[in-house]
Amino acid sequence: MKAEPVRYAPSASLPALNLLLDLLLGAFVLNLVLQPLVEPDLGWHLRAGLDLIAQGWRLPDTDPYSHTMPDWHWVEHAWLTDGVLALIYRALGPFGGVGLIGFFGGVTALAWWIAAGLAPVHRTYRLAALVASLWVALPFLGARTQLISLLGVAVVLTIWSRIHQGQRQWIWALPPLFLAWANLHGGFTAGLFLITVLLSLSFFMKVCVEWKICRVPHDEPVLSWSDLRLLAITIVVSLALTCLNPYGWRLYGEIYESLTDRFMIDTLREWQPVSFQGWAGRAYGFYLLGLIGLMAGWYRRMEPVRWVLLLLMLGLSLRHWRNVTLFLIVSLPLAAQLCALAGESLLRRIPVLQAYAAGTVLLLSIVAATALFAQGSEHLEHVWQSGRTPEVYFERTEYPIEAVRWIRTHRDEMGTRLYNDYSYGGFLLWQLPDERIFIDGRMPAWRIKDRWIFHDYVALNREDSPQVNLLDRYGVDWAMIPRGSALAVTLETDPAWQSVYADAKVVIVRRQP
């Protein structure tokens, strides 16, 4: 049975007040999706894109950016996105950073809006659910190429919804989607996984209905055998088309190696299980509790495919931090529906709310305006500054822009092989494009025989006893290290090293001649 829309529109007779409330919620959305350029990996994505354009869209065979792994056959699964970012950055000149902020903000807003649009409810409820979801997702937003894949997931869910509505022609949107997606970001595998899970669940649903294995009533449409066969064929075609990328099947190998690297998964926070300590964990916990509470109070539909999908995505999100946004996108249509059901129920049970509809909507608008005013304009001022004058903005961040300026005027006093902190790698490739770095965000799974760069980096940064002999192994002759770290203290007191620069953020040391 096709889902019926929630027919009540909040204060439908008061379009001006409804529009005011929607505009205030839209302003919240704008405030959330526009974020400063502080993502550690943005720098190397931008550098790769600028070099890609400069070299006539020819990709390098091996890593051109590190001196530690120059023979690694680098597979950049977001090569086309890198090129798009570089085109925006170069075309807008002094406003290039602002263009990047607008690009990522637009991708984020579009992904969440498409997902919210799958709920057959009034726009105000969609916006309310969208604001709540984006607030929880805030630690994961910004200039992240992963947002491309979240947009892809939202599009897959939209295609699936159209198929359920009997619009069979939408099945053929999958192959071109995955062809483009495979060249934009490696998260296309999440889309393939999602549509395959939906096909499998729908197949089992069809078997249960046809063979009368389960007689429980359901509120989801059951696809025909012909639709299931056509969907299976298009998934196979989509899978084949994803190999039309500069790396062919090697792309899958690189993604598999990353997803199965146990040391990386155990070390990097984004791959670790969700903890409900800290702001991000508590916000996600409250979101889940709210969703469960609303379902217990108002959700009475039997939708086994949807339930299983949500439980699966919930499990994946609890297993790895990086999957939290995936669950937020998948659950957003349900959240919007639950908001509408709860709102309609309150209006029925508390008639005074409906009787004084204008006052109710005005009160909600005042609350929204007050909350928006409490945020102030400072956030958007920071966003603008990070795009328009990034060097000035970086002064208020942990990025060592002051040290970068010093290096630019003292480069001949430094060595040839730099050691840098993991979080500085992408930033340095952006700000010091002629330098080859020690490590950056591309490299946690890279390993050639006994050269395991991320493992060695972790050993170098042990709090108890940094393994400084590893610097000899890579021929490092100068280093930029966070001030006060165990490695910085060790090298500053080592007679083989000389401190040449220090500020509140970093120290720079070089080997004694």
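Residues numbered from 1 in each chain as written. Predicted model: local features only at pLDDT ≥ 70, side-chain atom pairs only at ≥ 80, totals over all residues. Heavy atoms only, no water.

Draft legend 1. Helix α8 (residues 188–210), seen in detail. Here α8 contains 23 residues, and its C-alpha end-to-end distance of 33 Å stays within 8% of the 33 Å for a straight helix at 1.5 Å per residue. Backbone geometry just downstream of α8 places Lys212 in the positive-phi region, at approximately 55°. (Helix = DSSP H or I, 4+ residues; strand = E, 2+ residues; numbered from the N terminus. Expected span 1.5 Å × (residues − 1).)

Draft legend 2. The arrangement of the pattern of salt bridges in detail. Applying the stated criterion across every chain, the model contains 21 salt bridges. Notably, a salt bridge pairs Arg123 with Asp22, separated by 2.6 Å at the nearest N-O pair. Taken together, the residues Arg123 in helix α5 (residues 123–137) and Asp22 in helix α1 (residues 15–33) connect sequence positions 101 residues apart. Assessed through its relative accessible area of 39%, Arg123 is described here as partly exposed. Using a relative accessible area of 4% as the deciding quantity, one classes Asp22 as buried. A salt bridge links Asp227 to Arg168, with the nearest nitrogen and oxygen atoms 2.7 Å apart. Here Asp227, found in helix α9 (residues 225–241), pairs with Arg168, found in the loop between α6 (146–164) and α7 (174–184); they are 59 residues apart in sequence, far enough to count as distant. A residue is classified by how much of its surface remains accessible, and Asp227, at 14% relative accessible area, is buried. (Salt bridge = Lys/Arg side-chain N within 4 Å of Asp/Glu carboxyl O. Buried < 20%, exposed > 50% of the residue type's maximum accessible area, 1.4 Å probe, protein only.)

Draft legend 3. Region of the structure containing the packing of helix α12 (residues 278–298) against helix α14 (residues 324–349). The contact between α12 and α14 brings their axes to 9 Å, and the two run at 45°. The angle between α12 and α14 falls in the class oblique. Considering how the two elements wind past one another, α12 and α14 form a crossing that is left-handed. Contact residues: α12 offers Tyr284, Tyr287, Leu288, Leu291, Leu294, Met295 and Trp298, while α14 offers Val324, Phe327, Leu328, Ser331, Leu332, Leu334, Ala335, Leu338, Leu341, Ala342 and Ser345. A class-by-class count of the residues in the contact of α12 with α14 yields 16 nonpolar, 2 polar and no charged. (Axes fitted to C-alpha atoms, helices over the stretch in contact; angles between N-to-C directions. Parallel < 35°, antiparallel > 145°, perpendicular 65-115°, else oblique. Left-handed = near helix turned anticlockwise from the far one by under 90°. Contact = heavy atoms within 4.5 Å. Nonpolar A, V, L, I, M, F, W, Y, C, P; charged D, E, K, R; others polar.)

Draft legend 4. Expanded view of the pairing of strand β2 (residues 478–482). For β2, the tally of buried residues reaches 4 of 5 residues, placing the bulk of the element in the interior. Pairing geometry for strand β1 (residues 418–420) and β2, over 3 bridges, is parallel. In the sheet register, Asn420 faces β2, and the bridge partner there is Met480. When β2 meets strand β4 (residues 506–511), the two strands line up antiparallel, connected through 5 bridges. Each residue of the ladder has a partner; that of Met480, found in β4, is Ile508. (Pairing = 2+ DSSP bridges.)

Draft legend 5. Representation of the sheet that holds β2 within the structure. Strands sit in the order β1-β2-β4-β3 across an open sheet of 4 strands; the sheet is mixed. The sheet terminates laterally at β1 and β3 (497–502), the two strands that pair on one side only. Here the strands of the sheet are splayed against their neighbours by 20° on average, with no regard to which way each runs. Note: β3 against β4, 5 bridges, orientation antiparallel. Each bridged residue has a counterpart across the sheet, and for Ser499 the counterpart in β4 is Val509.

Draft legend 6. Representation of unusual backbone geometry within the structure. The phi dihedral of Trp57 is positive, around 65°, even though this residue is not glycine. Relative to the elements of secondary structure, Trp57 occurs in the loop between α2 (42–54) and α3 (79–91). Residue classification places Trp57 among the partly exposed residues on the basis of a relative accessible area of 37%. Positive phi outside glycine occurs at Lys449, with the angle close to 55°. Among the secondary structure elements, Lys449 is positioned in the loop between α20 (425–431) and α21 (453–460). Overall, Lys449 belongs to the exposed group, its relative accessible area being 77%.

Draft legend 7. Quick look at the nonpolar core. Counting 156 residues, the largest nonpolar core has Trp112 and Tyr419 as its most contacted members. Looking at this core element by element, the count peaks at 12 residues for α14. Contact partners of Tyr419, with chain neighbours within four places excluded, come to Phe438, Tyr457, Leu460, Asn461, Leu471, Val476, Trp478, Ala479, Met480, Ile481 and Leu487. (Core = buried A, V, L, I, M, F, W, Y, C linked by side-chain atoms within 4.5 Å.)

Draft legend 8. Representation of the side chain of Ser238. Inspection of the secondary structure assignment puts Ser238 in helix α9. Judged by its relative accessible area of 1%, Ser238 falls in the buried class. In contact with Ser238, not counting residues within four places along its chain, are Leu174, Pro175, Phe178 and Leu192.

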